[in-house]
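Geometric and topological summary
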Amino acid sequence: MCSFKMAAEDLPSQFDVVILGTGLTESVIAAACSRVGQSVLHLDRRNYYAGNWASFTFNGLLSWIEEYKNQQEVQIAESEQVWRSLIDEGEDVMPLSSVDSSISNLEVFCYASEEEEKDETKTPLTSCQPVNAETESEETKGGSTEAQDTFTGDDATESNAESQNEEHQEQRTSEIAEPSQSQEEKEPQPISSPADPPVEVEKKITYQKLLKEGRRFNIDLVSKLMYSRGALVDLLIKSNVSRYAEFKNISRILTCRNGKVEQVPCSRADVFASKQLTVVEKRMLMKFLTFCLDFEQHPEEFQDYSEKPFSEFLKNKKLTENLQDFVLHSIAMVTQQTLTEEGLKATQHFLRCLGRYGNTPFLFPLYGLGEIPQCFCRMCAVFGGIYCLRHSVQCLVVDKGSNKVKAVIDTRGQKISCSHFVVEDSYIRDEQRQSTAYRQISRAVLITDRSVLPSESDQQISLVTIPPLGSSAPAVRMVELCSSSMTCMPGTYLVHLNCSSSGTAQEDLAPVVSQLFDVPAIPGEEPSGGFEERSKPAVLWVMYFNMRDTSAQDISSYSLPSNVHVCTGPDSSLGSDYSIKLAESVFHHLLPDEDFCPPAPNPEDIIYDGDGPQAEGSGFDESNNTEEDKSQAEEEKSPSTESSEPAEMDSVTQETPLDTSPPSEE
């Protein structure tokens, strides 16, 4: 995407800020700078937006996996002659890394049947098989090239962007109203359950089916939720960026205790309706949660435990073991070693987020978390930011006298002057770091055939907390997404598992997967028992990988010029507060006297003078967007509070399908 199309060699030679990487932190900084009038050039060496915050279709994810497995260090020796010819006296060169090493230990296992997808209509099977083979070929090709359908400086085409927008719009309009029912007339629902042999055939989901329906998936590399009173939601509301996206409530919080999945009572209504707690336990829990809401007013209650673990404080409060587990792992979501005051603050934050948009504290963006960085990229483009994907910076030009970056040299050999340079951590070379000891996040992504806790509604979005399975094992956080979140095809669930690494992702998470899911011993083997007989959901496909967590690094961790600002990648926490606070800190370092992300005006409120104004930038479909925003303004007057509908953010919500021309798909 570019806010206007141009050939890469025609890029302006000077910008206020050059930003490398399109992750959440970098995208927020880009939007904030552009909003206050700074000229911004936003680049990414990848062919998709959001970096390690990205979302992929299933086919796109398979292509991403292949790219990482085949990734080779790019040779830069030949280009050094270009650098030298552009360097003046009194200048020095600082090269950047040309390869991303933030992902490691990537393993993929497919347990869905590899056989040809059986025809679900009355057409003879023999006539369907060639079509399936062709479909697989086309879909696989589409998955590997669909990220190229985005505006990327000099090599994007209008037809690619239009076709992508039409596909995405068609998908949204056909699914968003009633995703669980809109497809029933077109294809059988694997979740529906009459137990006769033909229905069993229809329920079977093959690998061919996953490929064929690959565009229905939006699979995040990062697993996070949005606290309803967290920094990200507050920023979305303040900046008016929330109108670019839609959100859904997390409908329930679950925990796994003694091998059994059960619901966590966290609100007053949940506590008194719970059948898992005795009357005495209900009173004890309500009394403790009431204390946590204003614990600062009663320091005498916890000051003796200020240097002791939160778990000891819970025992001192005479909470039962049952309640201690609920509070420690599912409400505060802290470890056994977390200090008491930190645990109390986490519990308080959880409780204060309850009830703002639903009966849990959390929201999830429809179409995946990768939508959020793209929303901020869109805001930056609206105010004149220039975007180029597959376009990077080879080196920084440093003034020897001031030790500040004065320009960058891009991968096309153009020297671009800038006052500030913001860069994602993965572009920094090891020799430019004070330490190369990193924490790691273990991740697993699963596609399953049903929920870990079936209920009357099959459209539940669940947060599942899993206490450590052993003394040295980490606590695991799991998010289970249904098809109405627009992240998976009907009849399947998309499951994200996340924990701090103690080994490889497979070593950390495979025991949890085996405990909660039916994993065949041999890939492609039928799960034991039929659909109804099985007590656990079947795993159809799983991916394990480790992601580098550099959130513990600060500016002193790098040997860089003073006007280079490094943005670390995703951290291991459930929310995004760290990334938003980092973005705000960097912005105020760049522009200390400016407001951080002030509200953007609604398009209908903008009064243009002269000829050639741009309301949405020429990367966007202006005509459609104007109509959508007008209808949105009317719909904002009728708030919805049901958890089955997209959640509203105060007065700035989005109820209509998005126009997602530029950053939309991956």
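Keep in mind it's a predicted model, so treat the numbers as computed, not measured.

Notes on the overall build of the chain
Helix and strand counts for the chain stand at 18 helices and 22 strands. When each of the 666 residues of the chain is scored for burial, the buried share is 57%. Within the chain, contacts between residues at least 6 apart in sequence are counted, and of these 76% link residues at least 24 apart. Total accessible area on the chain stands at roughly 27,100 Å², and carbon and sulfur atoms take up 48% of it.

Focus on the pairing of strand β9 (residues 252–257)
Most of β9 is tucked away, with six of its six residues classed as buried. Along β9, one buried face is formed by Arg252, Leu254 and Cys256 and the opposite face, lined by Ile253, Thr255 and Arg257, is buried too. For β9 and strand β17 (residues 462–466), the ladder comprises four bridges, and the chain directions are parallel. Paired with Ile253 across the strands is Leu463, a residue of β17. Direction of pairing for β9 relative to strand β10 (residues 260–263): antiparallel, over a ladder of four bridges. Residue pairing across strands places Arg257 opposite Lys260, the latter belonging to β10. Counting the residues that bridge the hairpin from β9 to β10 gives two residues, and of these Asn258 lies at a positive phi of roughly 55°.

Notes on the packing of helix α1 (residues 24–35) against helix α15 (residues 371–382)
Axis separation between α1 and α15 bottoms out at 8 Å; the angle between their running directions is 20°. With respect to each other, α1 and α15 are oriented roughly parallel. Where α1 crosses over α15, the handedness of that crossing is left-handed. The segment α1 lies against α15, with Leu24, Ser27, Val28, Ala30, Ala31, Ser34 and Arg35 engaging Ile372, Pro373, Phe376, Cys377, Met379 and Cys380. Of the residues assigned to the contact of α1 with α15, the class counts are 10 nonpolar, two polar and one charged.

Digging into the sheet that holds strand β5 (residues 103–110)
What the eight strands build is an open sheet, ordered β5-β20-β16-β19-β18-β17-β9-β10; its pairing is mixed. Each end of this open sheet is capped by a strand with a single partner; those strands are β5 and β10. The average undirected angle you get between the axes of adjacent strands in this sheet is 20°. Contacts between helix α2 (residues 58–69) and the sheet are confined to β5, β16 (439–448) and β20 (539–549), with β20 contributing the most and set at about 50° to the helix. Against the sheet, helix α13 (residues 321–331) contacts β9, β10 and β17, and its axis sits at roughly 125° relative to β9.

Re the nonpolar core
Counting 123 residues, the largest nonpolar core has Phe58, Trp64, Leu210, Phe288, Phe310, Phe376 and Trp541 as the members making the most contacts within it. Here the element with the most residues in this core is α15; it accounts for eight residues. Counting 25 residues, the second largest nonpolar core, distinct from the first, contains Leu96, Ile386, Val393 and Val405.

A word on helix α14 (residues 340–353)
Between the first and last C-alpha of α14 there are 20 Å, a value that for 14 residues agrees with the 20 Å anticipated at 1.5 Å per step. For α14, every residue scored as buried is listed here: Thr340, Gly343, Leu344, Thr347, Gln348, Phe350, Leu351 and Cys353. In this structure, the buried side of α14 is in contact with β7 (226–227), β9, α11 (279–293), α12 (310–316), α13 and β11 (362–365). With its phi angle positive at about 85°, Gly355 sits one or two positions after the end of α14.

A closer look at the side chain of Ser251
By the element assignment, Ser251 lies in the loop between β8 (247–249) and β9. Aside from chain neighbours lying at most four places away, what touches Ser251 is Asn359, Thr360, Gln460 and Ile461.

Structural notes on the layout of surface pockets
The calculated volume of the largest pocket comes to roughly 1,600 Å³. Only β9, α12, α13, α14, β17, β18 (476–481), β19 (493–500) and α17 (577–590) provide two or more residues apiece to the lining of the largest pocket. Counting residues per element, the lining of the largest pocket draws most heavily on α13, which supplies six residues. Classifying every residue of the lining of the largest pocket by side-chain character gives 20 nonpolar, 20 polar and 10 charged.

Some points on the environment of Asp234
Here Asp234 is to be found in helix α9 (residues 231–239). Discounting chain neighbours no more than four positions away, the residues touching Asp234 are Arg229 and Arg356.

Focus: the confidence of the model for the chain
Across the chain, the average pLDDT comes to 80, with 73% of residues at 70 or higher. Low confidence marks residues 1–8, where pLDDT is under 50. Its contacts with residues over four positions away, or in another chain, come to 41 contacts. Confidence over residues 650–666 falls short of pLDDT 50; this stretch has 86 contacts with residues more than four positions distant or in other chains.

A few points about the environment of Tyr207
Mapped onto the elements, Tyr207 comes out in helix α8 (residues 207–212). You can call Tyr207 buried: its relative accessible area is 15%. Distance from Tyr207 to Cys110, taken between C-alpha atoms, is 7.8 Å for residues 97 residues apart in sequence. Every residue in contact with Tyr207, bar those within four places of it in the chain, is listed here: Phe58, Leu62, Cys110, Ala112, Ser113, Glu114 and Trp541.

Observations concerning the state of the cysteines
Here the structure, examined in full by the defined rule, presents zero disulfides. Free of any disulfide, Cys597 has its nearest cysteine sulfur in Cys33, 8.8 Å distant. A residue is classified by how much of its surface remains accessible, and Cys597, at 0% relative accessible area, is buried.

Let's talk about the side chain of Arg477
When you line up the elements, Arg477 lands in strand β18. Buried and unpaired, Arg477 has Asp571 as its nearest opposite-charge partner, separated by 7.6 Å. Within the local environment of Arg477, its side chain forms a polar contact with the backbone oxygen of Ser572, the two atoms lying 3.2 Å apart. Leave out the neighbours within four places in its chain, and Arg477 touches Ser223, Leu463, Val464, His496, Leu497, Asn498, Ser572, Ser573 and Leu574.

Quick look at α13
In terms of burial, α13 is a largely internal element, nine of the 11 residues being buried. Summarising the contacts, the buried residues of α13 are in contact with β9, β10, α11, α12, α14 and β17. Directly beyond the C-terminal end of α13, a positive phi value near 55° is found at Met333.

Remarks on the environment of Leu463
As for its position among the elements, Leu463 is in strand β17. Leu463 gets classed as buried once you look at its relative accessible area, which sits at 0%. Through-space distance from the C-alpha of Leu463 to that of Thr255 is 8.2 Å; in sequence the pair is 208 residues apart. Leave out the neighbours within four places in its chain, and Leu463 touches Leu225, Ile250, Arg252, Ile253, Leu254, Met333, Phe362, Arg477, Met478, Val479 and Leu574.

Considerations on unusual backbone geometry
Of note, the phi angle at Asn258 is positive, near 55°, even though the residue is not glycine. Along the chain, Asn258 turns up in the loop between β9 and β10. Although it is not a glycine, Cys597 sits at a positive phi angle of roughly 50°. The topology assignment puts Cys597 in the loop between α17 and α18 (622–635).

How each quantity is defined
Residues numbered from 1 in each chain as written. Predicted model: local features only at pLDDT ≥ 70, side-chain atom pairs only at ≥ 80, totals over all residues. Heavy atoms only, no water. Helix = DSSP H or I, 4+ residues; strand = E, 2+ residues; numbered from the N terminus. Buried < 20%, exposed > 50% of the residue type's maximum accessible area, 1.4 Å probe, protein only. Contact = heavy atoms within 4.5 Å. Areas by Shrake-Rupley, 256 points an atom, 1.4 Å probe, with all protein chains shown as cover. Pairing = 2+ DSSP bridges. Axes fitted to C-alpha atoms, helices over the stretch in contact; angles between N-to-C directions. Parallel < 35°, antiparallel > 145°, perpendicular 65-115°, else oblique. Left-handed = near helix turned anticlockwise from the far one by under 90°. Nonpolar A, V, L, I, M, F, W, Y, C, P; charged D, E, K, R; others polar. Core = buried A, V, L, I, M, F, W, Y, C linked by side-chain atoms within 4.5 Å. Expected span 1.5 Å × (residues − 1). 1 Å grid on protein atoms, 1.4 Å probe; cavity = no way out; pocket = protein on both sides within 12 Å on 5 of 7 lines; lining within 4 Å. Points joined across faces, edges and corners; volume = space filled by probe spheres on them. pLDDT = per-residue confidence, 0-100. Disulfide = S-S within 2.5 Å. Lys, Arg positive; Asp, Glu negative; His and termini not counted. Salt bridge = Lys/Arg side-chain N within 4 Å of Asp/Glu carboxyl O. Polar contact = N/O pair within 3.5 Å; in protein donor to acceptor, adjacent residues only side chain to side chain.

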